[in-house]
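What the coordinates show
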Amino acid sequence: MMTDPVADMLTRVRNALLIERPFVDMPASKLKEGIAQTLQREGFIWDYEIIEQAPQNVLRVNLKYSPTGERVIQSIRRVSKPGCRVYATVKDTPEVLQGLGICVLSTSKGVLSSREAKAQNVGGEILCEVW
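As a starting point, this report considers the structure included with it. (Residues numbered from 1 in each chain as written. Predicted model: local features only at pLDDT ≥ 70, side-chain atom pairs only at ≥ 80, totals over all residues. Heavy atoms only, no water.)

This part takes up the nonpolar core. In terms of nonpolar packing, the biggest core is built from 27 residues, with Ile35, Leu59, Val61, Leu63, Ile73 and Val130 touching the most fellow members. Taken together, the elements giving at least two residues each to this core come down to helix H1 (5-18), strand E1 (23-27), helix H2 (30-41), strand E2 (45-51), strand E3 (58-63), strand E6 (102-107) and strand E8 (124-130). Top element by residues in this core is H1. It accounts for 6 residues. When neighbours within four sequence positions are excluded, Val130 is seen to be in contact with Leu39, Phe44, Ile73, Ser75, Ile76, Val96, Gly101 and Ile102. Core analysis: the second largest hydrophobic core is formed by 6 residues, Val79, Ala88, Val96 and Cys103 among them. (Core = buried A, V, L, I, M, F, W, Y, C linked by side-chain atoms within 4.5 Å. Buried < 20%, exposed > 50% of the residue type's maximum accessible area, 1.4 Å probe, protein only. Helix = DSSP H or I, 4+ residues; strand = E, 2+ residues; numbered from the N terminus. Contact = heavy atoms within 4.5 Å.)

Listed below in structure tokens is the structure:
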């Protein structure tokens, strides 16, 4: 049994980036879909799709690389863990790499990036940092 599906998603993405795969597949969930949607809105991935399968649907994330082959996601790190949740208000939301990166937050208005959360004036649980 998997205890932290978000950490599993981030590890799959990190491993796929290391071997320069064009996409990565993982078991789908609403939270993972929200994270993928946020990464797409912020320009870190090309797109994502849900593939219908028998026991559980699959989330396919199409990774993004520069024209020279450099990966767009340089680092993706889990912040809030099941044993130690990390929450932030609008004022306390950290700025990742002086604005070049984002935090992905789970808020009352859905999964948002730190920029979107500040614009909508909401705080929440910091799921991960991406730059």
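With that settled, the discussion passes to the pattern of salt bridges. One pass over the structure, following the stated rule, counts 7 salt bridges. Note that Arg12 is salt-bridged to Asp8, the shortest N-O span being 2.9 Å. Here Arg12 pairs with Asp8, and both are found in helix H1, just 4 residues apart, close to one helical turn. Ionic pairing is found between Asp25 and Arg60, a salt bridge with its closest N-O pair at 2.8 Å. You can see Asp25 sitting in strand E1 and its partner Arg60 sitting in strand E3, a full 35 residues away along the chain. Under the relative-accessibility criterion, Asp25 is labelled partly exposed at 28%. For Arg60, a relative accessible area of 22% corresponds to the partly exposed category. (Salt bridge = Lys/Arg side-chain N within 4 Å of Asp/Glu carboxyl O.)

Secondary-structure assignment places Ser113 in strand E7 (residues 110-113). According to the relative accessible area criterion, Ser113 is buried, its value standing at 0%. Of note is the side chain of Ser113, whose polar atom sits 2.8 Å from the side chain of Glu42. Once residues lying within four places of it in the same chain are set aside, the contact partners of Ser113 are Thr38, Glu42, Ile102, Cys103 and Leu105. (Polar contact = N/O pair within 3.5 Å; in protein donor to acceptor, adjacent residues only side chain to side chain.)

Okay, the sheet that holds E3 next. The pairing of strands in a sheet comes from backbone hydrogen bonds and takes either a parallel or an antiparallel form. With respect to topology, 3 strands assemble into an open sheet ordered E1-E3-E2, the strand pairing being antiparallel. A single partner strand is all that each edge strand has here, and the edge strands are E1 and E2. On average, each strand axis in the sheet is tilted by 20 degrees relative to the strand beside it, whichever way the strands run. Here E2 runs beside E3; their pairing, made up of 6 bridges, is antiparallel. Looking across to E3, one finds that Tyr48 is bridged to Val61. Each of E1 and E3 is contacted by H1, which is oriented at about 160 degrees to E1, the strand it contacts most. (Pairing = 2+ DSSP bridges. Axes fitted to C-alpha atoms, helices over the stretch in contact; angles between N-to-C directions.)

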